[in-house]
Amino acid sequence: MDRRGERPTRSYVGARPFRLVEGYPSFSAVRRVAVPRNLSKGRGMALSCLLLVFAAACSEDAIPTSPLGPQQNQLVSRISISPSEALLQPDDLDQLEAQVISARGRVVNGREITWSSSDRSVVEIDPQGRIVAMNEGSATITAKHKDVVGSATVDVRGDVVEIIFAEVPDVAEGEAKRIEASYVYSNGAIRPATKLQWSTADRTIARIDGNGVVTGVEVGEVNVFAQARGQRGQGRIKVRKNETHVVEVESPVSRIELGESVELWAQVYDGRGRRLYKPVTWTSSSSSIARVDAYGVLTGVAIGSVTATASVDGVSGSVDVTVVASDDSGSSGGSSSGSGDSGSDDTGSSGSSSDDTGSSGSSSVANPGSVDDLSVDASTSSSLTISFGRVGDGTGSGAFYELRYGVAEKSWTWSTANIAQGECGAIPAGSPGTTASCTITDLHADLPYYVQVVAYREADGSRVYGELSNKAQGTTDQPYVVVDVVPSSFNLDVGTSKTLNASVTDQFGNPLSQSVTWTSTSSSVASVTSSGVATGNAAGNATIRATAGTSSGASSATVVRPATDDDTDSSGSTSGGSGSGGTSGPGWSPS
């Protein structure tokens, strides 16, 4: 039937699907909208445009969350964290904010964020983005939504205003304990201190290493110092007597001739087997047979046997020595001198005239040789380098060696000499005639020292010693002086002043009682008084120097002209930047 005025419907929307902008919903819900045939061409186009405008007006926040599936992820392009950088002191708190940004640069709300810290010992963060600074260091804070990640950097360091000791322990002689030190920051936070320079006022009473381990040397009290970051902590150590002592006495020989002398050795240890550097008192059980002096030198007076004893603090050790007639060979074989009339008996297989070739032969083994060319070849403020020719051990092999030393000018007792330290702690054996050389370390500066060695060999679990060497003498150099100026650099306005501090120590960090002389490389820029007060005189740069002897330390001064009315523009801000009030650093916003 031909019905004029009516036309079949035609689908304009949906006949060919629209190409949609990524991120917008499909038009499938309206693709079958029909336009009557009798609708004019202009009205049909107008309706199509209206539908497009309606679709474009749909905001991203109105997008349904469940029906869209993976397309939801395409909305998130990046995550921005504010502030992106932060500088905190330990115990400081701050709040980080994360924004989810779409590909079109719009903020997408309502997205779940997961926070994390790369180093929780430096910075902790809770699920709401609140952070707390724990210890000095750097950490990366991460905000994550599904597979999209944003990050910020948090540095933790602070202004140290004081160094404190948790406890300054008392120590016994020879005992070692660690001192715990902490930094106090300007915000009141307290944290364990690191990279400290340790020292004591008197190393003859107590010594301390770079880790803060203090060792008692002699009874007394002494100040201990920890220095770092322009601050100096101080405490007082008390060294008490070590009540438990062990004294071991040794003699190079077991018998001496009438009129002959031998130097005895005494070593003192505490109850834990650690070496103590304590003088001893020497006595002889019979001065009519052998007398001993204050240095442990025993001299034979009459034939017989004596016991030489070294005592300290009520504890003693001893050694037995026999004095024989001067015509006795002193060999270890037999007590008889072989002076009988029946000379033919002495010619047997074990006769005295053929001891060196007899079958027994054991009594004819010689003692180790004696070093007679010991010398001090070089010195520093804390060491001496020695050398000598090696000798035999009495059996045809090279001998081993022990070394001892002492301060010559302080009535030093050879018997309580320190076991050699440094390279000389174990002088290796070598072929007789070759040269041995080693360095004794950890000595005091500018002091004369005596040095002596003795050769020995091991035999049946004990040592057989030769004669003591000649005494070599050497003097350590003047101390190496270190001058440290705090602060190392500073700024001054013209007309203002700042007090500088200078510390003078030796190479071990021990304070030295030396005065310093203050100078400036440009007094017209920055002058300095004899007490270290620097004053800015004109804009520019200058170096302030503190000198002690031939050593010096320096601090760099930058002097600037203070801002005046001529330096400000009409808005009141200074022409040089953000003004005296300053602005927050990158990523920070004023509170």
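Attention in this report is confined to the structure presented alongside it.

**Quick look at the sheet that holds strand β19 (residues 206-208)**
And step 1. Spatial strand order, β15-β20-β19: 3 strands in an open sheet with antiparallel pairing. Two strands close off the open sheet at either side, each with one partner strand: β15 (176-178) and β19. For this sheet, the mean inter-axis angle between neighbouring strands, taken without regard to orientation, is 25 degrees.
And step 2. The sheet contact formed by β15 and strand β20 (residues 213-216) spans 3 bridges and is antiparallel. Looking at β20, one finds that Arg178 is bridged to Val213.

**Section: the environment of Ser182**
And step 1. Positionally, Ser182 belongs in strand β16 (residues 180-185).
And step 2. For the pair Ser182 and Val160, spaced 22 residues apart in sequence, the C-alpha separation works out to 9.9 Å.
And step 3. Residues within four places of Ser182 in sequence aside, it is in contact with Glu162, Ile163, Ile164, Ile190, Arg191, Pro192 and Ala193.

**Things to note about the pairing of strand β48 (residues 551-560)**
And step 1. What you see with β48 is a clean split: Ser551, Gly553, Ser555, Ala557 and Val559 sit on the buried side and Ser552, Ala554, Ser556, Thr558 and Val560 on the side with no burial.
And step 2. For strand β41 (residues 489-493) and β48, the ladder comprises 5 bridges, and the chain directions are parallel. The partner of Leu492 across the bridge, within β48, is Val559.
And step 3. Between strand β47 (residues 540-548) and β48, which pair antiparallel and follow one another directly, the connecting turn spans 2 residues, one of which, Gly549, has a positive phi of 65 degrees.

**Let's talk about the environment of Ile440**
And step 1. Along the chain, Ile440 turns up in strand β36 (residues 435-440).
And step 2. For the pair formed by Ile440 and Leu384, sequence separation is 56 residues and the distance between their alpha carbons is 5.3 Å.

**What to know about unusual backbone geometry**
And step 1. The step from Ser82 to Pro83 runs through a cis peptide bond, and the omega angle for that step is -5 degrees.
And step 2. Residue placement: Pro83 occurs in the loop between β3 (76-82) and β4 (85-88).
And step 3. Following Val486, the chain continues into Pro487 via a peptide bond in cis, with omega recorded as -5 degrees.
And step 4. Residue position: Pro487 is located in the loop between β40 (482-486) and β41.
And step 5. Backbone geometry places Asp91, a non-glycine residue, at a positive phi of 80 degrees.
And step 6. Mapped onto the elements, Asp91 comes out in the loop between β4 and β5 (93-95).
And step 7. A relative accessible area of 42% means that Asp91 is categorised as partly exposed.

Analysis parameters
Residues numbered from 1 in each chain as written. Predicted model: local features only at pLDDT ≥ 70, side-chain atom pairs only at ≥ 80, totals over all residues. Heavy atoms only, no water. Pairing = 2+ DSSP bridges. Helix = DSSP H or I, 4+ residues; strand = E, 2+ residues; numbered from the N terminus. Axes fitted to C-alpha atoms, helices over the stretch in contact; angles between N-to-C directions. Contact = heavy atoms within 4.5 Å. Buried < 20%, exposed > 50% of the residue type's maximum accessible area, 1.4 Å probe, protein only.

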